[in-house]
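Chains, contacts and geometry: an overview
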Amino acid sequence: MTKNFLFLLFFLFPATLFSQQISGKITDTDGNAIPFANIYITDLASGTTSNIEGKYRLDLPAGEWNLQYRYLGFKTKEVTVNMNGNDLEMDVALAPQTYQLTEVKILASGEDPAYYVMRKAIAMGDYYTKQVSEYDNKVYLKGSGKITSVPRLFKKKLAEQDISVGKTFVTENISKIHFKLPNKVEEEVISIRTSGLDDQANPMQFITANLYNTRDDGFISPLDKTAFSVYKFQLESVFEDQGRTINRIKVIPKRKGKDLFRGYLNISETYWNIHSADLQLTLPMTDVQMHQLYAPVTKEVWMPVSFDFEIKFKGLGFGLEGMYVASIKDYKVKLNPDLNHDLLKQQELARKQEEKDISQLTDGKDSEILSTREKKRKEDIQNLLEKNDMDNGDMRKLYRLMEKENQEKKKEKIKEPLEIKIEKVKMAKDAKNKDSLYWAEMRPIPLSDDEKISFDQKDSLKIVRNTPEYKDSVRRANREFKFNHILFGKTYRYKEENSRLSVPGLFAIDKISYNTVQGFTFEAPFSYSKKDTLGHYFELTSAPTYAFSREHLDFSIKSSYRYNGMKRAWIAFEAGSKAVDFNEESGINPMLNAISSLYFKDNYLKLYDKNYVSIWHETDLSNGLNLYTELEYANRKQLYNTNSWYISNPDDQDYSSNIPEGINPELVRDNKALTFIAQLDYTPRHRYTVKQGVKRMISYHAQPTFSLLYKKGLKDVFDSETDYSLLETSLKQAFDIGFNDRLEYKLKAGSFLSHKKTFFADYRHFNTSKPTVMLGSSWDTFRLLDYYQHSTNEDYLEAHLQYTSDRFLLKRLPILNNSLAIQENLFANYLTHANKQNYWEVGYGLSQIFLLLDVEVFWSFDGKQHRDTGVKLKFNF
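As a starting point, this report considers the structure included with it. (Residues numbered from 1 in each chain as written. Predicted model: local features only at pLDDT ≥ 70, side-chain atom pairs only at ≥ 80, totals over all residues. Heavy atoms only, no water.)

A separate point is the overall build of the protein chain. When you go through the protein chain residue by residue, the secondary structure sums to 15 helices and 43 strands. By residue count, 47% of the 877 residues in the protein chain fall in the buried class. The contacts of the protein chain with a sequence gap of at least 6 include a subset with a gap of at least 24, amounting to 60%. (Helix = DSSP H or I, 4+ residues; strand = E, 2+ residues; numbered from the N terminus. Buried < 20%, exposed > 50% of the residue type's maximum accessible area, 1.4 Å probe, protein only. Contact = heavy atoms within 4.5 Å.)

The eleven strands lie next to each other as 12-13-14-15-16-17-18-9-10-11-19, forming an open sheet whose pairing is mixed. Edge positions in the sheet fall to strand 12 (231–241) and strand 19 (425–427), since each has one partner strand and no second. Looking at each pair of strands side by side, their axes are set apart by 15° on average, direction ignored. Sheet topology places strand 11 (residues 184–194) next to strand 19; three bridges connect them, and they run parallel. By the bridge assignment for strand 19, Glu-187 is matched with Val-425. (Pairing = 2+ DSSP bridges. Axes fitted to C-alpha atoms, helices over the stretch in contact; angles between N-to-C directions.)

Across the sheet, which stays open at both edges, the four strands sit in the order 22-23-26-27 with antiparallel pairing between neighbours. What marks the edges here is a single partner per strand, and that holds for strand 22 (512–515) and strand 27 (552–554). Taken over all neighbouring pairs, the strand axes of this sheet differ in orientation by 25° on average, direction set aside. Relative to strand 27, strand 26 (residues 545–547) is paired through three bridges, and the arrangement is antiparallel. When the bridges of strand 27 are listed, Ala-547 appears paired with His-552. Most of the contacts of helix 14 (residues 590–600) go to strand 22, to which it runs at about 55°, and overall it touches strand 22 and strand 23 (519–523).

Tallied over the full model, the rule gives 32 salt bridges. Ionic pairing is found between Arg-193 and Glu-172, a salt bridge with its closest N-O pair at 3.9 Å. Of this pair, Arg-193 sits in strand 11 while Glu-172 sits in strand 10 (residues 168–180), and the two are 21 residues apart along the sequence. Linking Arg-783 and Glu-856 is a salt bridge whose minimum nitrogen-to-oxygen distance equals 3.1 Å. Here the residue Arg-783 occupies a position in the loop between strand 38 (773–775) and strand 39 (796–805), and Glu-856 occupies one in strand 42 (residues 853–862), the gap between them amounting to 73 residues. Overall, Arg-783 belongs to the buried group, its relative accessible area being 0%. (Salt bridge = Lys/Arg side-chain N within 4 Å of Asp/Glu carboxyl O.)

With that settled, consider helix 14. Restricting attention to buried positions, one finds in helix 14 the residues Leu-592, Asn-593, Ala-594, Ser-596, Ser-597 and Leu-598. Buried residues along helix 14 sit in contact with strand 22, strand 23 and strand 38. Two or three places before Met-591, at the start of helix 14, stands the capping residue Asn-589, its side-chain oxygen 2.8 Å from that residue's backbone nitrogen. Looking one or two places after helix 14, you find Lys-601, whose phi comes out positive at around 60°. (Polar contact = N/O pair within 3.5 Å; in protein donor to acceptor, adjacent residues only side chain to side chain.)

By size, the foremost hydrophobic cluster in this structure holds 57 residues, and its most contacted members are Tyr-231, Phe-233 and Ile-267. Broken down by element, the residue count for this core peaks at seven residues, all from helix 2 (residues 113–123). Here Tyr-231 is in contact with Tyr-115, Ile-220, Ser-221, Pro-222, Val-251, Ile-252, Pro-253, Lys-254, Asp-259, Leu-260 and Phe-261, once residues within four sequence places are set aside. Judged by nonpolar contacts, the second largest core, of 30 residues, contains Ile-22, Ile-26, Met-83 and Ile-445. (Core = buried A, V, L, I, M, F, W, Y, C linked by side-chain atoms within 4.5 Å.)

According to the stated counting rule, one finds 32 aromatic pairs in the structure shown. Both rings, one in Tyr-231 and one in Phe-233, keep their centres 6.0 Å apart while their planes meet at 35°; by these two values the pair is tilted. By relative accessible area, which is 0% here, Tyr-231 ends up buried. Residue class for Phe-233 comes out buried when judged on its relative accessible area of 1%. Through a chain of ring-to-ring contacts, three or more aromatic side chains come together here, namely Phe-582, Tyr-604, Tyr-608, Phe-760, Tyr-763, Tyr-787 and Tyr-788. Between the NZ or CZ atom of Lys-610 and the centre of the ring of Tyr-612, over which it lies, the distance is 5.2 Å. Sitting over the face of the ring of Phe-827, Arg-783 holds its NZ or CZ atom 4.6 Å from the ring centroid. (Phe/Tyr/Trp six-rings, centres within 6.5 Å; stacked < 30°, edge-to-face > 60°. Lys NZ or Arg CZ within 6 Å of the ring centre and 35° of its normal.)

Now for helix 2. Counted residue by residue, helix 2 has eleven buried out of eleven residues, so it is predominantly covered. Turning to helix 2, its buried residues are Pro-113, Ala-114, Tyr-115, Tyr-116, Val-117, Met-118, Arg-119, Lys-120, Ala-121, Ile-122 and Ala-123. The opening residue of helix 2 is Asp-112, an N-cap whose side-chain oxygen sits 2.8 Å from the backbone nitrogen of Ala-114.

Tracing the sequence through the fold places Ser-730 in strand 36 (residues 723–737). Using a relative accessible area of 15% as the deciding quantity, one classes Ser-730 as buried. Every residue in contact with Ser-730, bar those within four places of it in the chain, is listed here: Thr-705, Phe-706, Ser-707, Leu-747 and Lys-748.

A surface patch of positive charge is lined by Arg-493, Arg-500, Lys-531, Lys-691 and Arg-696. With respect to the helices and strands, Lys-531 occurs in strand 24 (residues 526–531). Classification of Lys-531 by relative accessible area gives partly exposed; the value is 39%. (Patch = residues over 30% accessible without salt bridge, like charges linked within 9 Å, V, L, I, M, F, W, Y side chains within 5 Å. Areas by Shrake-Rupley, 256 points an atom, 1.4 Å probe, with all protein chains shown as cover. Lys, Arg positive; Asp, Glu negative; His and termini not counted. Charge placed at Lys NZ, Arg CZ, Asp CG, Glu CD.)

This next bit is on the environment of Gly-576. By the element assignment, Gly-576 lies in strand 29 (residues 569–581). Once residues lying within four places of it in the same chain are set aside, the contact partners of Gly-576 are Phe-555, Ser-556, Lys-610, Asn-611 and Tyr-612.

What follows is about the environment of Lys-872. Looking at the element boundaries, Lys-872 is found in strand 43 (residues 865–875). The contacts of Lys-872, once residues within four sequence positions are left out, are Ser-769, Lys-770, Pro-771, Thr-772, Met-774, Arg-783, Leu-784, Asp-854, Val-855 and Glu-856. Within the structure, the side chain of Lys-872 is placed 2.5 Å from the backbone oxygen of Pro-771, a separation counted as a polar contact. In this structure the side chain of Lys-872 is engaged in a polar contact, spanning 2.9 Å, whose partner is the backbone oxygen of Arg-783.

With that settled, the discussion passes to the side chain of Lys-606. Position of Lys-606 relative to the elements: it lies in the loop between helix 14 and strand 30 (607–622). Buried and unpaired, Lys-606 has Glu-661 as its nearest opposite-charge partner, separated by 8.2 Å.

Regular strands place side chains that alternate from one sheet face to the opposite one. Bridging between strand 21 (residues 499–503) and strand 24 involves four bridges; their strand directions are antiparallel. The residue of strand 24 that forms the bridge with Ser-499 is Lys-530. Two successive antiparallel strands, strand 24 and strand 25 (residues 537–542), enclose a turn made up of five residues, where Gly-535 displays a positive phi of approximately 100°.

Here is the structure:
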């Protein structure tokens, strides 16, 4: 007993020596709490942040320390405390910041002085982005939020998951961060706790945020080199903080858009670095307010020490309010050895000594070895930094010079690796098992009353959910059959076997369709899948479909196996029978055909019966080079209309035949076909990620993709009648133009090297859409061409172009200027072959109206002659 007592004292004694705590409340001079105020100790490169009620606490070692209490809009207050072994309670009142304009120099040109400040800050941006090559810190991140409104339709479902209006959810974690240029982030989660449904939290997007470069996140920073084209700036005032003169710059977007900030940016005079930021973003249905505070972590380096984000979402009947607050401490930074940091030192000396000749202060030895070109560049940089009437041209020149200076010592640029490493978050073994006593001791930002209640409720639920009885009930729920599964379907999950089984339900309305050949149909798809951590994946699917009018059951089964995840290598076998669109690759949407048939008696879809067996294989021959091969044997039979039911017939017309208009009936008669397909796709330097042994190619990239397709009808093999050869080459690419604009194009050229015997199913069909309404069609669609009418077995050429802009024509009008989600599109499509020469169409459209509707207008031409004009409504379900 005595031994255990002494052992306990041994560990508690150092804690009393080094873990004294200062706590209190931060308010304004009227006694109102200041949420998320920063408390920072420069000598320790450490600090904390107050909670939403203004309360704070901070562990300090013994000794005398200078604490800085800071928040945007208030004067920094410095307090010296002596920690002598006892906890200290200290409430602090911050006085409003005193702003003044007496020291602002008005330029002779009459231009707002803010532009002078911002040009200097933007030009120095490249330096400050790369000033620190790597750093370590410790981060406490807390996120809290609550749902403010829910549509009545979803209330019951959410209640089953313990989610209700007004209930607060909280997540918090403590992590160690290691950052290394250019963007490598390593995180070790020491502890994590949540009162919500998700046990994962990743603060990296907040902690490593860089206001100098936000393009990768989809925003244009006020410090971007193109900022003057989209922002206006006003110097509202200046103030003093920690010995520096700070310029308070108002950031005003020249246009409305989801990619632009507004608010205030505080820039330090002479050094031109960020002091703090108070910015807002307006996204579709979402408003974001963000605050950042910077502090000196060394004499030369200012880094973010406090973040807070407030997010408000309201749309589609849902409302959500949330906030993130982060406190960062224990910085250890390494200056970038590839940069010349003397420039910053020279500016400091120039400010103190008011010397005109900065070059005299450079190190003599360095000067001796500088080339004439290097000396000239350094002189140009200093001259521009000292220039009081810097214009945009000077700013761009200085930005380029700083880039060259910062890259001077770098080695020859190395190409980016093809693999994009997914930074793994290292989780401490007991990170999720810390108890409330641990969090009470380690949490630097106290919980609010609502947050305490949220964690208390979660702890109570956790006790229940950790019981064997509860775990068994969850396991049974995922596996056991229930009668309602017959009605609504079910996916059974077998976690231990890493597999799942999905079965259909009789009330699956989305599986019901209609066409004049089969009448009403009901599809009942089954699937079973199993995977492992080595990249292997097996899937077995079947899709029985019953056609009520034909009184016929179609059935198919498909088995596919990925045997090498790193080579994306698959082999598959499929067999069965089904009614197939003659344009099997890009035909009409079955739902759209059902609607047009039942309500307008326009039965666009034309089908044939296909009894088939096929085997295919796919693999990467090398990175970006993929080979697909397939061999299919099909017994193809002609089908006829068997049903003429409809709901309305506004044009008083009859249903059309199942033979496409203008097509020789000989082309759709019963036949047998053995077809071989080989396709080679190549994307140079196609980057990828790897997860659980599976290589996944990045879909959003700017690289072109080249394709070569060969298709052969093999005659007299198993009574096959087809005898043709098709060779097609294609090129597609999509890339960004500017910031929010994007250009996509596709080119295809094909030649039937021989076509001794082809049926209509073997023709080259094109992606067309005649009806006014479109359902989720791809962008490379001929909007004003009829289905099937322009299919060919001759040489052909098609081209598609789409330009997407956030602001091109109508978005500049006041009525649409506030529409953050809507985008403008310009289209051009071209097709030519023996029976359809030089057809082209152009169009203009607005997309993402109400997030699901596109409206387009198109004009088509045969050569120089206008052919048609049409309006399209495209629903993106």
